[in-house]
Amino acid sequence: MSSLVNRNILKVKTYKPGKPIEEVKRQLKLKGRIIKMASNENTLSPSDRVISAIKGNLKSLNRYPDGGCFYLKKALAGKLRLKPENIIVGNGSDELIILALRAFTSKGDEVIIAKPTFLIYEIASSIEGVKVRTVPLKDFRYDLKGMAKKLNKNTKIVFIANPDNPTGSFVSRGEIDWFLRKVKRDTIVFFDEAYYEFARKLKDYPNTLKYLKKKNIIITRTFSKIYSLAGLRVGYGLARKELIDPMNKVREPFNVNSLAQVAAEAALKDSVFVSKTLKLVNEGKDYLYRNLKFLGYNYVKSATNFVLINVGRNSRSIYEKLLTKGVIVRQMSPWGLNGFIRVTIGTMKENRRFIRAFKEVSR
Ligand SMILES: *Cc1c(COP(=O)(O)O)cnc(C)c1O
């Protein structure tokens, strides 16, 4: 069989998503409520406003979606003070990673990523047959100096998750200013800002939009995290028109479905929902920090809605015992972070249940 398969794909590790609630319930024959704190989703359901926008469009499902996402782009352009021509909408921001690789890389090109970081950069690059150069994190942060050393004439894209997943750390304005000066004109810096809304008010968090006009950068953000629409798959990319146009060429014409478009547009206007989520996440984060400290566990300070926790040698068994208690977290060995779990911040009730279960299983 292997000779049938595209050679690039043979080496690719299949991405394993966090376990779905129903699956865990079935496998472990669990009763009662299961809580999922594994995939950095918003624990709150979408607001009524978003749900009614979706309902209001169900009758048009016989029609193809607007392939140009006209209204959503218009709303985003207004909010960000850009032109619609500077925006591309994707089937999740994950799709934009793939589109950028397809539009800008050819055989012999290279990308630079951190190790570990968001897994999709490496997976998508390998599928496209692009060489991946990795630079280890330093103290759970991107090492931009190390990444600058790897730049060469074949470097096409540098992926920077900011804030990063799975660490939750971020690179600062000063670091970005410095790094962008090192990058030549024919290299693209791809800022994946999936957690932008959680980080934007932090001191030293960079406003990358200010480089948009002058530099070859692509910024992506998503409706999957703070906007609570992970199930619908919508994300967007921001860049100069010269970069957006080629990405549109390789995009499937109807990549964003019609319900996703109206839901995203409604969610964008719902600032009350965003504030509510931020408040919940900040409160939950403080609670988790306090309790982890009290229990004697180290964690990485997070600019996101999740926390990476060093639970030590027994991480595998801690993860499995948490599952039997109906608490799903992420076990981090696929990232090479043996000894770590990643916990998405939930409601206060969920956070308390996690800490209670964690105390029991980590003894
Ligand atoms: C969750 C996440 C995404 C978002 O993916 P979508 O495809 O928009 O759901 C992108 N990048 C990082 C680093 C993430 O953690």
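What counts, and where the lines are drawn
Residues numbered from 1 in each chain as written. Predicted model: local features only at pLDDT ≥ 70, side-chain atom pairs only at ≥ 80, totals over all residues. Heavy atoms only, no water. Helix = DSSP H or I, 4+ residues; strand = E, 2+ residues; numbered from the N terminus. Rg over C-alpha atoms; globule rule 2.2 N^0.38 Å. Buried < 20%, exposed > 50% of the residue type's maximum accessible area, 1.4 Å probe, protein only. Contact = heavy atoms within 4.5 Å. Areas by Shrake-Rupley, 256 points an atom, 1.4 Å probe, with all protein chains shown as cover. Lys, Arg positive; Asp, Glu negative; His and termini not counted. Charge placed at Lys NZ, Arg CZ, Asp CG, Glu CD. Pairing = 2+ DSSP bridges. Axes fitted to C-alpha atoms, helices over the stretch in contact; angles between N-to-C directions. Parallel < 35°, antiparallel > 145°, perpendicular 65-115°, else oblique. Nonpolar A, V, L, I, M, F, W, Y, C, P; charged D, E, K, R; others polar. Arc of directions from axis to C-beta. Near = heavy atom within 4 Å. Polar contact = N/O pair within 3.5 Å; in protein donor to acceptor, adjacent residues only side chain to side chain. Core = buried A, V, L, I, M, F, W, Y, C linked by side-chain atoms within 4.5 Å. Salt bridge = Lys/Arg side-chain N within 4 Å of Asp/Glu carboxyl O.

Trainee: With reference to specific residues and values, describe the overall build of the protein chain.
Mentor: In terms of regular secondary structure, the protein chain is built from 14 helices and 13 strands. For 363 residues, the compact-globule estimate of 2.2 N^0.38 gives 21 Å, and the protein chain sits close to it at 21 Å. Taken over 363 residues, the protein chain has a buried fraction of 54%. The long-range share in the protein chain, meaning contacts at least 24 apart out of those at least 6 apart in sequence, stands at 75%. For the protein chain, the computed accessible surface area is about 18200 Å², with 52% contributed by carbon and sulfur atoms. The centroid of the 70 positive side-chain charges in the protein chain is displaced by 3 Å from the centroid of its 32 negative side-chain charges.

Trainee: Hey, could you go over the pairing of strand β10 (residues 306-310) for me, with residue numbers and the actual values?
Mentor: Burial runs high along β10: four of the five residues are buried. Remark: six residues form the turn of the hairpin made by strand β9 (residues 298-299) and β10, two consecutive strands paired antiparallel. Direction of pairing for β10 relative to strand β13 (residues 340-344): antiparallel, over a ladder of five bridges. Its bridge partner lying in β13, leucine 308 is registered against arginine 342.

Trainee: Mind laying out the packing of helix α5 (residues 93-104) against helix α10 (residues 241-249), listing which residues take part and the relevant values?
Mentor: Contact geometry of α5 with α10 gives a least axis separation of 8 Å together with a crossing angle of 95°. Classified by the angle their axes make, α5 and α10 are roughly perpendicular. Contact with α5, carried on its side by Leu96, Leu99, Ala100, Ala103 and Phe104, involves Leu243, Pro246 and Met247 of α10 and no other residues of that element. Looking at side-chain class alone, the contact of α5 with α10 contains eight nonpolar, no polar and no charged residues.

Trainee: Explain the sheet that holds β9 to me, and be specific about the residues and the numbers.
Mentor: Each strand in a sheet pairs with another by means of backbone hydrogen bonds, the pair being arranged parallel or else antiparallel. An order of β9-β10-β13-β12 is seen for the four strands of this open sheet, with the pairing classed as antiparallel. Among the strands making up the open sheet, the edge pair consists of β9 and β12 (330-331). As judged from the two bridges shared by β12 and β13, these two strands associate in the antiparallel manner. Bridge pairing in β13 links glutamine 331 to isoleucine 341. Contacting β9 and β10, helix α12 (residues 271-295) runs over the sheet at an angle of about 10° to β10.

Trainee: Tell me what's going on with helix α4 (residues 70-80), and back it up with residues and numbers.
Mentor: Of the positions making up α4, those classed as buried are Leu72, Lys73, Leu76, Ala77 and Leu80. End-on view of α4: buried residues confined to an arc of 135°, all on one side of the axis. Facing away from the buried surface of α4 by more than 90 degrees, the exposed residues are Tyr71, Lys74, Gly78 and Lys79. Buried-residue contacts for α4 involve β2 (87-90), β7 (217-222), β8 (235-238) and α11 (258-269). One or two steps after α4, the chain reaches arginine 81, where phi turns positive at roughly 55°.

Trainee: Help me get a handle on the site of the ligand, residues and values and all.
Mentor: By nearness alone, every residue bordering the ligand is listed as Gly92, Ser93, Asp94, Phe118, Asn165, Asp192, Ala194, Tyr195, Thr222, Ser224, Lys225 and Arg233. Within the contact set of the ligand, an oxygen atom lies 2.7 Å away from a side-chain nitrogen or oxygen of tyrosine 195. Arginine 233 places a polar side-chain atom, nitrogen or oxygen, 2.7 Å from an oxygen atom of the ligand. When its residues are assigned to classes, the shell around the ligand shows three nonpolar, five polar and four charged.

Trainee: Got a sec to walk through the nonpolar core? Specific residues and values, please.
Mentor: Tyr142, Phe223, Ile309 and Phe354 are the most contacted members of the largest nonpolar core, which has 109 residues in total. Here this core gets seven residues from one element, more than from any other, and that element is α11. Ignoring sequence-local partners within four residues, the contact set of isoleucine 309 consists of Leu292, Tyr297, Asn298, Tyr299, Gly339, Phe340, Ile341, Val343 and Phe354. With six residues, the next largest nonpolar core counts Val300, Leu308, Trp335 and Phe340 among its residues.

Trainee: Quick rundown of the pattern of salt bridges? Include the residues and the values.
Mentor: As enumerated under the stated definition, the model contains 14 salt bridges in all. One salt bridge connects aspartate 109 with lysine 156, and the closest N-O pair in it is separated by 3.2 Å. With a gap of 47 residues between them, aspartate 109 in the loop between α5 and β3 (110-115) and lysine 156 in strand β5 (residues 155-161) connect regions that are remote in the sequence. Judged by relative accessible area, which is 11%, aspartate 109 ranks as buried. Look at lysine 156 and you get partly exposed, because its relative accessible area is 21%. For glutamate 175, the salt bridge identified is with arginine 141, shortest N-O distance 2.7 Å. Placement of the pair is glutamate 175 in helix α8 (residues 173-182) and arginine 141 in the loop between β4 (131-136) and α7 (144-150), with a sequence separation of 34 residues.

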